[in-house]
Amino acid sequence: MSREKKKEMIAMLLAGGQGSRLGILTKHVAKPAIPFGGKYRIIDFTLSNCVNSGIDTVGVLTQYRPLELNSYIGNGQPWDLDRLFGGISILPPYTKSKEGEWYKGTANAIYQNIEYIEMSNPTYVLVLSGDHIYKMNYKMMLEYHIETEAACTIAVLNVPPEETYRFGMINTDENLKIYEFEEKPLHAKSTMASMGVYIFTWEKLKSYLIADEANKKSENDFGKNIMPMMLEAGENLYAYEYKGYWKDVGTVESLWESNMDLLDPDVPIELNDPPWRIYSRNETLPSQYIGNNAKLNNVMVSDGCSINGELEKSIIFPDVKIKEGAVIKNSIVMQGATVGNNTALNYAIIASDTVIGDNVCIGAGAAMGPDGHHPEITVIGPYITIDDGVVIPAGAMIEESIIKKEGE
Amino acid sequence: MSREKKKEMIAMLLAGGQGSRLGILTKHVAKPAIPFGGKYRIIDFTLSNCVNSGIDTVGVLTQYRPLELNSYIGNGQPWDLDRLFGGISILPPYTKSKEGEWYKGTANAIYQNIEYIEMSNPTYVLVLSGDHIYKMNYKMMLEYHIETEAACTIAVLNVPPEETYRFGMINTDENLKIYEFEEKPLHAKSTMASMGVYIFTWEKLKSYLIADEANKKSENDFGKNIMPMMLEAGENLYAYEYKGYWKDVGTVESLWESNMDLLDPDVPIELNDPPWRIYSRNETLPSQYIGNNAKLNNVMVSDGCSINGELEKSIIFPDVKIKEGAVIKNSIVMQGATVGNNTALNYAIIASDTVIGDNVCIGAGAAMGPDGHHPEITVIGPYITIDDGVVIPAGAMIEESIIKKEGE
Amino acid sequence: MNALGIIFSYSEYENLRELTKIRTLASIPFAGKYRIIDFILSNYVNSGIHDISIITKINYHSLVDHLGAGKEWDLTRKIGGLRILSPFSTPGSLDNTGNYKGTIDALYKSMHSIKRSMAEYVIIAGSNFICSIDYEEVLKSHIERNADITLIYTYPREGEILPHGAAMIRMDESERVYELNYNKMDSISQDMPVCMSMFVLRKSLLESLVADSIAFGRYDFYRDIIQRLCGNLNILGYEHKNIYFEVSNVTDYMKENMKLLDEQTSKKVFEKPVYTKIKDSVPAYYCAGSQVSNSIISDGCKIEGTVINSVLSRGVIVGKGSVVKNSIIMQDTEILNNVTLNNVILDKEVIVRENRQLVGHETYPVVIEKKSII
Amino acid sequence: MNALGIIFSYSEYENLRELTKIRTLASIPFAGKYRIIDFILSNYVNSGIHDISIITKINYHSLVDHLGAGKEWDLTRKIGGLRILSPFSTPGSLDNTGNYKGTIDALYKSMHSIKRSMAEYVIIAGSNFICSIDYEEVLKSHIERNADITLIYTYPREGEILPHGAAMIRMDESERVYELNYNKMDSISQDMPVCMSMFVLRKSLLESLVADSIAFGRYDFYRDIIQRLCGNLNILGYEHKNIYFEVSNVTDYMKENMKLLDEQTSKKVFEKPVYTKIKDSVPAYYCAGSQVSNSIISDGCKIEGTVINSVLSRGVIVGKGSVVKNSIIMQDTEILNNVTLNNVILDKEVIVRENRQLVGHETYPVVIEKKSII
């Protein structure tokens, strides 16, 4: 034990949430394991941020359906997190003596893993959530944290005044020292919203976690309990401004939008960025094949695909088969799906391993919403079959196979 | 998914137990993580058996204090189980929708991980427990299982008639086909005891697990519920005879005895067996140093030790310091412990990182029991300090530091 | 599986011009994102063989780079795993010439590594034949038929290629090999079985055959073991019936790559997973206005122009107005705007400037060396 | 840390007789279970440097074996990690001589690998000095003092050893190096600072220094860079104050190993973890009747006889009635019953039969080659 190495900062990644607003897409997997951007999962962004920021010890706190996430993370090798000392660890709840205890809140999840954290004996702990799309250098944030001598630094981004009601808002003085939190205010004093990215000086955090745990009335939540308690106790809390692209992919809409952002050259989220690579677990698949009659127009396609249809502004995940005559627009087709001949998709998300027959129409009647807002997104769940000729109206969410009976 | 490999047999290792009869030794760790044999942990034997039998996919079912076990297992590299496909996975309980569920029994633990097992699509599943010391080739057992066309094969060993009350006993016909189970009988019909090592044909096991789960009255236990149900249903159950060394290290006594067995040339458990190596996570420590006045007589010593005392029939784990004049007999000193000058140990177990001062006497008054049975074992718990001059009588179990007050 | 894999990463009779100037045969790119070695290693791994030695000669730098520690092939192991052998790493090799006198000499100089393996059998493969084969089946047949050596052969089919120097065999009705000759024609009759440079034999037999040959100054595996000993040893053929590719000169290399544009052919090669180095490239991106047909495209490509009947490796950029036809473009090569390419092989990291035109012929493609700027 | 590590696994002026006949300097066993390379690699890893290239020349087989994929040093990485370079794996190396003309030529031939690293600094180390050093501190001082090259030196102390050919430096009061000479005596005065074959400089500076030197046919790092340019470049010394060991001939090798029997000395070298290949040996076993004093013993040893003032590597067996004194016994060597050894170095896998006696002298130990049977 005495020979274990001290780490300057380790990351604790909260990956427990079900993300129920993503409907059928999170039926089998935790939200951080949802596919994104042609070959990634949402969690790849946070993990790659860690690795690119020089953090080599990451604890992933899970409790909801962790199997697929666990097997996706594996030994951490795709992110170079298969380290002899540190690396990635999955941290589920466990029993201490007779009884086990599930994670009660974000703060409680960290509290239950104090022992894990202390194994690395870190000076600072970075607390993250695994369901945002952004590229951020936590090393620079740490430098800021050290410079301001903060007990806690919260990454913030500017949001339009009309959206403050969706965020935890933060009020600071001119030096960005925090004096107040406002939870989802209708009329906020500032436009600085918390990104759910915190750096704590570990000794401080530890003592507040212990105090919070002793308080039976606490919801054991960072935003609601820990930070306000620290503020009240007169600790230094600072905001750290982040200016890049950031998106919470908590709904079907935002998941679709944020995928489409990748195809918009005006949106500042570039995946092909060698000094800030996004790592992911790559499937063992051959190069893609583009057939004689394919047309591709502002489209992303991954390994193992066979494309014979016409595609426009779409994202195609690995191992997808698109047959001749298929017309796919403004859509996302996830891994292993098949789209039959002459089938049309518009504003649709097709989940993994789903088979769409011939002459199917998905997103039928999709029309632009008011104010140029895009039409409703149609979602076809994973592992199901949609029979030939089925028409699925815009905005539907299909959970089960649609098989036409014989003679129909 | 379709490209994942089929495995002939995978292993599911039940490592959930607290092992409360080991007292202070399992206060911080699960039983399979208890140190054994100079540099090993108990679980090393089962894991090495798997690897040496050609099994490269092992699920470890944990729920009690898994932290140290998890960090010991890490990515499985010490056992060559850091595989791209398969390898070792820690399987804690998890939440499926709103509510999580702890493992109710051995069978329920496997039931809750059906999804994990199916990822490897195995034909056979080997169910093991992680707290026995033995060397066994499961590949040969599988060949037997295939040959007898069994639905379940149970490894058995012969026990003396007077010990049958401690085991699940198995009654078979002359072809070793099982016709009856007896749970801890005082007078058994046979001497074949179950070793807790089972091979199941997965399709069979799966259907019985599902049936068992539906039965609200079941204790969800392999021995009590699954096997009897299979027998009743007329499945082929066979016993597989194992003839080598086997020890359940469930008590302080048996842990001590089984360590001492390693020093007895007449007991058939040889660790230095290149074709059947026992793998373990090795600490980063220099070679051991034996001082000018050391005496070693039938002693095992590991890396990083510095030995200056007199040792007889003892096992010394890594990084132990034994000072001049210390006299250690019939004892086990675990990793990182220090034994002071002129201190005497007899029939003692000193747990990890404990500091024993000078002129201490541990196991004082240890006298042979009746019938040549060894004296009571004295246990000193981990991470504590025993001050200079303290005398600890034979059979004591010390949980907390003994610090003499000043002036005493 | 109880076998050691040995791969020869070079060939004695290849003529791949610029392509092997900076690399060994086994590390030539093939089928878009792959190298030849990927297919060979994947055959072993998919057959459950995890103890593999690769014999190298010169220019194996790119092979070492590509394989790294072998993680992608699951060969980073405590027990077994991947070893790259070179004549210079041989213990006690005080002479610095490092040339093998022949395949047997190469095996002889790799004996320190071969002997350490606990495996009972050895499966040897060259790097000029690419196919998907199950060695478990081959070994089973080897044992069942009580062969001394099993030699894997195939019948070349319509349009399939065989180079000068390929080893043709004759067998009796029980597939026992009784003759071996080298191909001296440009093509051969299609009922002549050809050795695919793959052999199975007991490790102990290999050890003694090599020791004996060296003692008599015999250095060529085909001539001095197969040809010479087929009267005494029970050398049996094992037919590989699935598709194969053969790479030993530039025209063939081009033809064989193009065969993969047929999806049925491609499927047969990729029946089982083929592993390769992971590059963490982004998905391929097809810009508005791009036109791609009948082509293999790899991750990280960005296509603004037109690509027809071509094979593109990872990270290739095709600029606006450019037309790439019947060509093979290797990793990270950049084709700027308004370029025309036809029957061209561009090696890695080439830059083709605006408005350039490069046209080769099907039977004699233009080959542009790595890192050239045109 | 933002630095690339480069290790020279051989030395130009060592004379280790039988010990380097089958291996390179860096893979010589030291301190029981270790090889010299372990100390050097661990310094890098403990300083947070994970991108390391090892330059080899000949006989690096045992080094490749020992390092494997670098797992034990946590160097099996996607980003950075361990690379073993040899003159023969250089791209386009069509000549098969594989000899470097000197250290600069070796660096030149490794440039393809050095250039690929994204690191800003390079930390170079040879293999003849063994110590525990924190390169983070050295780099900090290098940057703070605005050095072009930082050269790590030490003052030899009482009983410490320096071979013929060691580079001695002279510095002004600000530690700027203005002179470098080679040791021509058998021992030297203890106030003469000696270069420990470790240097820190910017990677870009190294690249241009190497390119310039090659252009002028200059091949020796000491003579053609340090000695020649110390007037123009700001070459500063950095004193290593902790203990060190120097290995370049057999007598010294013996003496340096014996120093480790002093627990205080040993502690200083093992202050930080030193990683080595894991062998999964069993704990050492001392039979009833064994007698061991003042010795270093490694895992897997089995002692029935007597061992005094000696260093035993892993898996050594000492039989009944045998006496091993003042000796170094390497891995898996077996000493049968009633053998007497004094001032002997037994290489790996030696077998000493019953009743043999081998006695060397402190200043000229008997060295027995690997796998000998006595």
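Computed from a prediction, not measured in an experiment: that's the story for all the values here.

Each value, and the rule that gives it
- Residues numbered from 1 in each chain as written.
- Chains lettered and ligands numbered in written order.
- Predicted model: local features only at pLDDT ≥ 70, side-chain atom pairs only at ≥ 80, totals over all residues.
- Heavy atoms only, no water.
- Helix = DSSP H or I, 4+ residues; strand = E, 2+ residues; numbered from the N terminus.
- Rg over C-alpha atoms; globule rule 2.2 N^0.38 Å.
- Buried < 20%, exposed > 50% of the residue type's maximum accessible area, 1.4 Å probe, protein only.
- Contact = heavy atoms within 4.5 Å.
- Areas by Shrake-Rupley, 256 points an atom, 1.4 Å probe, with all protein chains shown as cover.
- Salt bridge = Lys/Arg side-chain N within 4 Å of Asp/Glu carboxyl O.
- Polar contact = N/O pair within 3.5 Å; in protein donor to acceptor, adjacent residues only side chain to side chain.
- Core = buried A, V, L, I, M, F, W, Y, C linked by side-chain atoms within 4.5 Å.
- Phe/Tyr/Trp six-rings, centres within 6.5 Å; stacked < 30°, edge-to-face > 60°.
- Pairing = 2+ DSSP bridges.
- Axes fitted to C-alpha atoms, helices over the stretch in contact; angles between N-to-C directions.
- Left-handed = near helix turned anticlockwise from the far one by under 90°.
- Nonpolar A, V, L, I, M, F, W, Y, C, P; charged D, E, K, R; others polar.
- Domains from an automatic or database assignment.
- Buried area = accessible area lost by both parts, 1.4 Å probe.
- Arc of directions from axis to C-beta.

Points about the overall build of chain A
From N to C terminus, chain A includes 8 helices and 29 strands. Whereas a compact globule of 408 residues would reach a radius of gyration of roughly 22 Å, chain A reaches 23 Å, a difference of no more than 12%. If you line up chain A on its principal axes, its C-alpha atoms span 70 × 50 × 45 Å. Across the 408 residues of chain A, 61% fall into the buried class. Long-range contacts, defined as pairs at least 24 residues apart, comprise 59% of the intrachain contacts of chain A with a sequence gap of at least 6. In the form shown here, chain A has an accessible surface area of approximately 15800 Å², with 47% of it arising from carbon and sulfur atoms.

Quick word on the pattern of salt bridges
Within this structure, the stated rule accounts for 66 salt bridges over all chains. Across the pair aspartate 303 of chain A and lysine 33 of chain C runs a salt bridge whose closest N-O atoms are separated by 2.6 Å. Of this pair, aspartate 303 of chain A sits in the loop between strand S15 (295–301) and strand S16 (306–307) while lysine 33 of chain C sits in the loop between strand S2 (29–30) and strand S3 (34–35), placing the two residues on different chains. Ionic pairing is found between lysine 247 of chain B and aspartate 261 of chain B, a salt bridge with its closest N-O pair at 3.8 Å. In this pair, lysine 247 of chain B sits in strand S13 (residues 246–248) while aspartate 261 of chain B sits in helix H8 (residues 252–261), placing the two residues 14 residues apart along the sequence. Pair check on accessibility: lysine 247 of chain B and aspartate 261 of chain B agree, each one buried. A single salt-bridge network, built from bridges that share partners, covers Asp80, Asp82 and Arg83 of chain A, Lys71 of chain C together with Asp74 and Arg77 of chain D.

So, the environment of arginine 314 of chain D
All names here are of chain D. Within the secondary structure, arginine 314 is located in the loop between strand S19 (311–312) and strand S20 (317–318). Residue classification places arginine 314 among the buried residues on the basis of a relative accessible area of 7%. Between the alpha carbons of arginine 314 and leucine 107 there is a distance of 35 Å; along the sequence they are 207 residues apart. Sequence-distant contacts of arginine 314, defined by excluding residues within four places in its chain, comprise Lys33, Thr276, Lys277, Lys279, Ser281, Ser298, Asp299, Gln331 and Asp332. Polar contacts involving the side chain of arginine 314 include one to the main-chain carbonyl oxygen of lysine 277, which spans 2.8 Å.

What to know about the nonpolar core
Counting 132 residues, the largest nonpolar core has Phe30, Tyr135 and Tyr253 of chain C together with Phe30, Tyr135 and Tyr253 of chain D as the members making the most contacts within it. With near-sequence residues (within four places) excluded, tyrosine 253 of chain C lies in contact with Leu16, Leu19, Ile28, Pro29, Phe30, Val247, Ile328, Met330 and Ile345 of chain C.

Observations regarding the packing of aromatic side chains
Overall, the coordinates contain 50 aromatic pairs over all chains when judged by the stated rule. Relative to phenylalanine 45 of chain B, the ring of phenylalanine 36 of chain B lies with its centre 5.5 Å away and its plane at 80°, an arrangement referred to as edge-to-face. For the residue pair phenylalanine 36 of chain B and phenylalanine 45 of chain B, the accessibility class agrees, reading buried in each case. When the ring of phenylalanine 39 of chain D is compared with that of phenylalanine 270 of chain D, the centres are 5.9 Å apart and the planes differ by 50°; the resulting orientation is tilted.

A short note on the sheet that holds strand S15 (residues 291–293) of chain D
Each strand in a sheet pairs with another by means of backbone hydrogen bonds, the pair being arranged parallel or else antiparallel. All names here are of chain D. The 5 strands are arranged S15-S18-S21-S24-S27 in an open sheet whose pairing can be described as parallel. In this open sheet, the two edge strands, each paired with only one partner strand, are S15 and strand S27 (357–359). Averaged over all pairs of adjacent strands, the angle between their axes in this sheet comes to 5°, without regard to strand direction. Two elements, strand S18 (residues 306–308) and strand S21 (residues 323–325), share 3 bridges in a ladder whose sense is parallel.

Overview of the side chain of aspartate 212 of chain A
Residues and elements named next belong to chain A. Checked against the element boundaries, aspartate 212 lands in helix H6 (residues 202–214). Separated by 3.0 Å, the side chains of aspartate 212 and asparagine 220 make a polar contact. Excluding residues that lie within four positions of it along the chain, aspartate 212 makes contacts with Ala107, Ser218, Asn220, Asn225, Ile226 and Met229.

Comments concerning the packing of H6 of chain A against helix H7 (residues 222–232) of chain A
All names here are of chain A. Running from N to C, H6 and H7 cross one another at 115°; their axes reach a closest spacing of 10 Å. The element H6 and its partner H7 pack so that their crossing is right-handed. Taken together, the residues of H7 that come into contact with H6 (itself represented by Lys204, Leu205, Tyr208, Leu209, Ala211 and Asp212) are Phe222, Asn225, Ile226, Met229 and Met230. Here the contact of H6 with H7 is composed, by residue class, of 8 nonpolar, 1 polar and 2 charged.

Quick look at the environment of leucine 81 of chain B
Residues and elements named next belong to chain B. With respect to the helices and strands, leucine 81 occurs in the loop between helix H2 (66–73) and strand S5 (87–91). Separated by 23 residues in the primary sequence, leucine 81 and valine 58 place their C-alpha atoms 8.1 Å from one another. Not counting residues within four places of it along the chain, the set of residues in contact with leucine 81 comprises Leu47, Val51, Ile55, Asp56, Val58, Asn75, Gly76, Gly87 and Ile88.

Here we look at the domain arrangement of chain C
All names here are of chain C. Here the domain parsing of chain C yields domain 1 (3–269) and domain 2 (285–368). The centre of domain 1, based on its C-alpha atoms, is set 32 Å off from the matching centre of domain 2. Between domain 1 and domain 2, the residue contacts involve 17 residues of the former and 25 residues of the latter. Together domain 1 and domain 2 conceal approximately 1800 Å² of surface at their shared face, both sides included; 64% is due to carbon and sulfur atoms. Area buried by domain 1 at its contact with domain 2 is led by Arg17, Met254 and Leu261, which between them contribute 32% of it. As a salt-bridge pair, aspartate 347 and arginine 23 come within 2.7 Å of each other at their nearest N and O atoms. For the interface between domain 1 and domain 2, the tally reads 3 residue pairs in polar contact (both at pLDDT 80 or more). For the side of domain 1 that touches domain 2, the per-class residue count stands at 9 nonpolar, 3 polar and 5 charged.

Some points on the interface of chain A and chain C
Contact residues are listed per partner, giving 33 residues for chain A and 32 residues for chain C. For chain A, the biggest contributors to the area lost against chain C are Thr284, Ser287 and Tyr289 of chain A; these three give 21% of the whole. For aspartate 82 of chain A, the salt bridge identified is with lysine 71 of chain C, shortest N-O distance 2.4 Å. Connecting chain A to chain C are 21 residue pairs in polar contact (both at pLDDT 80 or more). Counting only elements with at least two residues in the side of chain A that touches chain C, the list comes to strand S14 (288–290) and S15 of chain A. If one sorts the elements of the side of chain A that touches chain C by residue count, S15 of chain A sits on top with 6 residues. A class-by-class count of the residues in the side of chain A that touches chain C yields 13 nonpolar, 16 polar and 4 charged. Two elements, S15 of chain A and strand S14 (residues 284–286) of chain C, share 3 bridges in a ladder whose sense is antiparallel.

Quick notes on the pairing of strand S12 (residues 235–239) of chain C
Residues and elements named next belong to chain C. Taking burial as the measure, the 5 residues of S12 include 4 buried ones, the bulk of the element. Bridging between strand S8 (residues 149–154) and S12 involves 5 bridges; their strand directions are parallel. Looking at the pairing, tyrosine 153 lines up with glutamate 239 of S12.

Points about the side chain of serine 53 of chain A
Residue and element names in this part refer to chain A. Assignment of secondary structure puts serine 53 in the loop between helix H1 (42–52) and strand S4 (57–61). Of note is the side chain of serine 53, whose polar atom sits 2.6 Å from the backbone oxygen of asparagine 49. If sequence neighbours within four positions are ignored, serine 53 has contacts with Met136, Asn137, Tyr138, Lys139 and Trp276.

Focus on helix H5 (residues 135–144) of chain C
All names here are of chain C. Of all the residues in H5, the buried ones are Tyr135, Val138, Leu139, Ser141 and His142. Seen from one end, H5 has its buried residues packed into an arc of 160°, which puts them on one side. Residues of H5 that are buried sit in contact with helix H1 (36–46), strand S6 (121–125), S8, strand S11 (194–202) and S12. One or two residues past the end of H5 sits asparagine 146, with phi positive at roughly 60°.

Some details on H1 of chain A
Residue and element names in this part refer to chain A. With 11 of 11 residues buried, H1 is to be regarded as a mostly interior element. The set of residues buried in H1 consists of Ile42, Ile43, Asp44, Phe45, Thr46, Leu47, Ser48, Asn49, Cys50, Val51 and Asn52. After H1 finishes, the residue glycine 54 shows a positive phi value of roughly 80°.

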